[in-house]
Amino acid sequence: MHDTIRHQLEQDGYTILEDFLRPAECDEMLEAGRELTKSIPSKEDRVIFSTINSAEKPHLKEDYFLNSNDNISYFFEDAAVKPDGELTVDPSISLNKVGHALHLQHPIFRCYTYSERVKTVCRELGFQEPAVVQSMYIYKNPGIGGEVTPHQDATYLYTEPVPPIGFWIALEDATVQNGCLWMVRGSHTSGVHRRLIRNPDKTSPETLIYDRPAPVYPQSCFTPIPVSRGTCVLIHGNVVHKSAPNKSEKSRHAYTFHVIEKKNNKFSEDNWLQEGEKAPFVNIYTTPQMI
Ligand code: FE2
């Protein structure tokens, strides 16, 4: 078991753990995700999240994003919000995601993040001092859930020499039709292709910038990873992956969080995400499940 998970992650850049959660556990998180849509921000404060279009209200968007490290912030689908802030769809399907501190601020997500199962996987992966640094509930709702363009998680969350590992848990079946993950198998061995960093030019209106242009990855390199609900996909920080828009009639909700190695490993000061007083990077092994 130990060798299989670790070996597969090192070989392919990802590992699929089926039946990581039971159906009733998925239901509990789905219900929590639905509950969050009942307290969305008012129309003046709605911020869109899109990996494609970032021209919309750049300052508001950047500040809201940067300040989301220690709380539960709401990011809307591009197509769900009109220029005046009114929604084009029902609030229940308007969100792209919420984050980035569900693992600390929400009792249900905290419970699943600091579970014995997660601790066991971390041990099997060889983590000595693992810490969760961010978490997200991803909606990918039917018809409106946008695509996530090809990227490496290390672009946004850079640690060295050991890259972060993403835990991506399907709360509903993820299929090619509703926007499952697609991976470039083995691409984690090719280094980090670009980084999103805090702009060293403090006079610039842009707080965050990419250090290089986006690489082009041919579609033929990608393999779809359809998984059934309850499956956890472990994602190496350097593996190239993406997901398509959800053009089906079925939602594809997922819960995801990222784990870093703290021992003898540097968390880049250039990362958008930084440790906060209310969001410390605490050791998973010694953190209780309950608040
Ligand atoms: Fe990702």
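Structure shown above.
One structure accompanies this document, and this report is about it. (Residues numbered from 1 in each chain as written. Predicted model: local features only at pLDDT ≥ 70, side-chain atom pairs only at ≥ 80, totals over all residues. Heavy atoms only, no water.)

**So, the packing of aromatic side chains**
- With the rule as written, the count across this model stands at 10 aromatic pairs.
- On the numbers, 5.8 Å between centres and 70 degrees between planes, the contact of phenylalanine 109 with tyrosine 137 is edge-to-face. In this pair, phenylalanine 109 is assigned in helix α5 (residues 107–113) and tyrosine 137 in strand β4 (residues 130–138), connecting sequence segments 28 residues apart.
- Residue phenylalanine 109 is classed as buried on the basis of its relative accessible area, which comes to 0%.
- Taken together, a centroid distance of 4.9 Å and an interplanar angle of 35 degrees make the contact between phenylalanine 109 and tyrosine 255 tilted. Here phenylalanine 109, found in helix α5, pairs with tyrosine 255, found in strand β14 (residues 254–261); they are 146 residues apart in sequence, far enough to count as distant.
- Within the aromatic cluster, the residues linked to one another by ring pairs are Phe109, Tyr137, Tyr139, Phe167, Tyr255 and Phe257.
- When the ring centre of phenylalanine 75 is taken as reference, the NZ or CZ atom of lysine 97 above it lies at 5.5 Å.
- Here arginine 194 stacks its cationic end above the ring of tyrosine 210, 3.6 Å away from the centre of that ring. (Phe/Tyr/Trp six-rings, centres within 6.5 Å; stacked < 30°, edge-to-face > 60°. Helix = DSSP H or I, 4+ residues; strand = E, 2+ residues; numbered from the N terminus. Buried < 20%, exposed > 50% of the residue type's maximum accessible area, 1.4 Å probe, protein only. Lys NZ or Arg CZ within 6 Å of the ring centre and 35° of its normal.)

**Topic: the sheet that holds strand β11 (residues 223–225)**
- With respect to topology, 4 strands assemble into an open sheet ordered β5-β13-β8-β11, the strand pairing being antiparallel. Of all the strands in the sheet, the pair left with one neighbour each is β5 (148–151) and β11. The sheet shows a mean angle of 25 degrees between the axes of neighbouring strands, taken without regard to direction.
- Sheet analysis places strand β8 (residues 181–183) next to β11, joined by 3 bridges and oriented antiparallel. (Pairing = 2+ DSSP bridges. Axes fitted to C-alpha atoms, helices over the stretch in contact; angles between N-to-C directions.)

**Things to note about the coordination of the iron ion**
- Within the first shell, the iron ion binds the protein through His151 (NE2), Asp153 (OD) and His241 (NE2), at distances of 2.2 Å.
- Counting along the primary sequence, the residues that act as donors to the iron ion give the motif H-x1-D-x87-H.
- A residue is classified by how much of its surface remains accessible, and aspartate 153, at 10% relative accessible area, is buried. (Donors = N, O, S within 2.8 Å, 3.2 Å for Na, K, Ca; no water.)

**Re the pairing of strand β3 (residues 95–100)**
- In terms of residue burial, β3 counts as a mostly covered element, since 6 of its 6 residues are buried.
- With 5 bridges joining them, strand β2 (residues 72–76) and β3 adopt antiparallel strand pairing. Bridge pairing links phenylalanine 75 to lysine 97 in β3.

**Description of the layout of surface pockets**
- By volume, the second largest pocket is sized at about 280 Å³.
- Along its surface, the second largest pocket is lined by 14 residues, and Arg6, Glu10, Leu125, Val162 and Ile165 are the ones closest to its centre.
- Here the lining of the second largest pocket takes 3 residues from helix α1 (residues 2–12), the largest share from any one element.
- Considering only residue class, the lining of the second largest pocket consists of 6 nonpolar, 4 polar and 4 charged. (1 Å grid on protein atoms, 1.4 Å probe; cavity = no way out; pocket = protein on both sides within 12 Å on 5 of 7 lines; lining within 4 Å. Points joined across faces, edges and corners; volume = space filled by probe spheres on them. Nonpolar A, V, L, I, M, F, W, Y, C, P; charged D, E, K, R; others polar.)

The values reported here are purely geometric and, on their own, carry no functional implication.
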